[in-house]
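# What the coordinates show
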Amino acid sequence: MQKCNLAVDIGASSGRVIAGYLENNQLLLEEVHRFDNKMIKKDGHLCWDIDRLFSEIKTGLRKSVEMNYQPQTVGVDTWAVDFVLLDENRNRITDAIAYRDHRTDGAMEEVFQLIDQQEIYQQTGIQFQPFNTIYQLHALKQESPKIFDKAAYFLMVPDYLHYLLTGKITNEYTNATTTQFLNADTQQWEKAFLEKIGIPDKLFSEPTMPMQSIGSLTDELQEELGFNLDVVLPGTHDTASAVVSVPAQETIYISSGTWSLMGVEHDSPISSPQAFQYNFTNEGGANENIRFLKNIMGLWMIQEVRREYKEQYSFAEFVELVEQEAAFTSKVDVNDQRFLSPDSMKQVIQEYCQETNQQLPETPGQFAKCIYDSLVDCYVETAAEIEELTGRTYNSIHIIGGGSKNNYMNKKLAEVSGKSIFTGPSEATAIGNLIAQMLATGQLTSIEESKAIINDSFDIQKF
Ligand code: ADP
Ligand code: LRH
């Protein structure tokens, strides 16, 4: 039996359970379970199928033992901002409504009537996204005010999954920062904001720092699975875990998955008027540094186009199809909000091209080329903004996540930016999750040592 740590990493498009262990200063990985994730329509809202996600986690735990592993610890990370509420008996009383649901349309502007927008940025350093938790809570309060009479606990999605594993209530710090109501200096909930939007602060517990054990499996789960292990908090925000495993520190990174998260690691928040204007965020890091970055609409756009083509092309095939469309040059502003949650991504891309007098994409290769070229342009602009805001020049961009496998984009970015592009690992988030567990259990001693091990263990390509 091989002792290991288990990372459960659930992104907006897929989840995986990955076993990891150290051998001769190398980090070895094996994927023990992979599953799809997607939003489902329930009671008029786009929701996550959270019960299924928990049962996939249990399947992953079981499979790890069937594959002859002896898991010592497990930790869960997921996408940010979404949450559920529990009542006093710790039963879930809300669906896990997804951040792309239209309940938040107009909510951000309503909250600005209650709390000054600049004050929000000054206290939290978090970028304005219409789906941040603060606007979701406001929207919920408008739609179902009575739910707050019953609610006793606020848990973000990974906190809830950890609760189902252990019975323990935690509000993990990195993900808590994405609510946009955690004070960046004190690292405590900004109660004045909650009061202004009428949300009781008793729902929130003191944020818990990652890289510590929160306890073992519940008795029921131990009985069901036939074994026990410790649950250790990674950076439960997937982007926090991903950035832990960027192999170099002096570089711009892009965590490329459903979203493209582009930025740098920084010691302290940068919440200057210019950072506010460019809408950069200062999210809390797993090792207590700051992720200074911007959300870029990302590969969600191709995921949606692929869905509309009934998934008849793989992601690798879309990249191949682009090579045949060299003459097609239409581009869109990927951060236009129409791309956040449209009924038809193909249609809104065509509308954008029509409005800007460009050729309309018609073939799968043309849609893909339009998306990839537009993303690359946005990366180049964002790199310039990062250099302006930090007052530094960066010679390289390091791409991690599933999107790092897109060599068309990697080459194009190298050409257009003039910077060195490094790519991999593609499972950076799960690796960052495992590193947090290994640091918490003393198998690794520092982030620097961890980054060196990642550099030695994975194939990093240069363009
Ligand atoms: P998330 O964790 O947000 O669900 P991932 O990190 O799994 O996202 O990345 C998914 C993205 O990776 C897909 O949208 C796709 O564009 C890209 N991708 C995955 N495999 C390939 C491949 N073989 N070639 C090109 N792109 C790929
Ligand atoms: C990426 C991510 C990103 C958030 C978004 C909601 O998966 O966590 O960092 O902004 O999802």
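A quick note: this is a predicted structure, and the numbers were derived from the prediction, not measured.

### Description of the overall build of the protein chain
- The helix and strand inventory of the protein chain stands at 18 helices and 18 strands.
- Taken over the C-alpha trace, the protein chain has a radius of gyration of 21 Å; the compact-globule value for 463 residues is 23 Å, and the two agree within 12%.
- With the principal axes as the frame, the protein chain shows a C-alpha extent of 60 × 55 × 45 Å.
- Going through the 463 residues of the protein chain one by one, you find that 49% of them count as buried.

### What to know about the domain arrangement of the protein chain
- Considered domain by domain, the protein chain is made up of domain 1 (2-233) and domain 2 (248-423).
- Domain 1 and domain 2 are separated by 25 Å when their C-alpha centres are compared.
- In this complex, domain 1 contributes 19 residues to the contact, which on the side of domain 2 involves 18 residues.
- Elements with a minimum of two residues in the side of domain 1 that touches domain 2: α3 (117-124) and α7 (173-177).
- The greatest single-element share of the side of domain 1 that touches domain 2, amounting to three residues, is contributed by α7.

### What to know about the site of ligand 1
- Near ligand 1 lie 17 residues; those nearest to it are Gly 11, Ser 13, Gly 257, Thr 258 and Gly 402.
- If you tally residues by element for the shell around ligand 1, the top one is helix α13 (residues 315-323), at three residues.
- Residue classes in the shell around ligand 1 are distributed as six nonpolar, 10 polar and one charged.
- Two domains share the shell around ligand 1, each providing at least three of its residues, namely domain 1 (2-233) and domain 2 (248-423).

### Focus: the sheet that holds strand β13 (residues 260-266)
- Sheet architecture is open: seven strands sit in the order β14-β15-β13-β12-β16-β17-β18, paired in mixed fashion. Two strands in the sheet have a free side with no partner beyond their single neighbour: β14 (281-284) and β18 (461-462).
- Strands β12 (252-256), β13, β15 (290-296) and β16 (396-400) of the sheet are contacted by helix α15 (residues 364-390), whose axis makes an angle of about 20° with β13.
- This element, helix α16 (residues 407-417), spans β16 and β17 (420-423) of the sheet and lies at about 155° to β17.

### What to know about the confidence of the model for the protein chain
- Considering every residue of the protein chain, the mean pLDDT works out to 97; 100% of them sit at 70 or more.
- Scored as a whole, the predicted complex attains pTM 0.98, and scored at its interfaces, ipTM 0.99.

### A short note on the site of ligand 2
- The local shell around ligand 2 holds 14 residues, among which Trp 79, Ala 80, Asp 238, Thr 239 and Trp 259 are the closest.
- No fewer than three residues from each of domain 1 (2-233) and domain 2 (248-423) sit in the shell around ligand 2.

### Considerations on the environment of Asp 101
- If you trace the backbone, Asp 101 turns up in the loop between β8 (96-97) and α2 (107-114).
- Not counting residues up to four positions away in its chain, the partners in contact with Asp 101 are His 45 and Leu 46.

Parameters and conventions
Residues numbered from 1 in each chain as written. Chains lettered and ligands numbered in written order. Predicted model: local features only at pLDDT ≥ 70, side-chain atom pairs only at ≥ 80, totals over all residues. Helix = DSSP H or I, 4+ residues; strand = E, 2+ residues; numbered from the N terminus. Rg over C-alpha atoms; globule rule 2.2 N^0.38 Å. Buried ≥ 20, exposed ≤ 12 C-beta atoms within 10 Å, placed from the backbone. Domains from an automatic or database assignment. Contact = placed C-beta atoms within 7 Å. Near = placed C-beta within 6 Å. Nonpolar A, V, L, I, M, F, W, Y, C, P; charged D, E, K, R; others polar. Pairing = 2+ DSSP bridges. Axes fitted to C-alpha atoms, helices over the stretch in contact; angles between N-to-C directions. pLDDT = per-residue confidence, 0-100.

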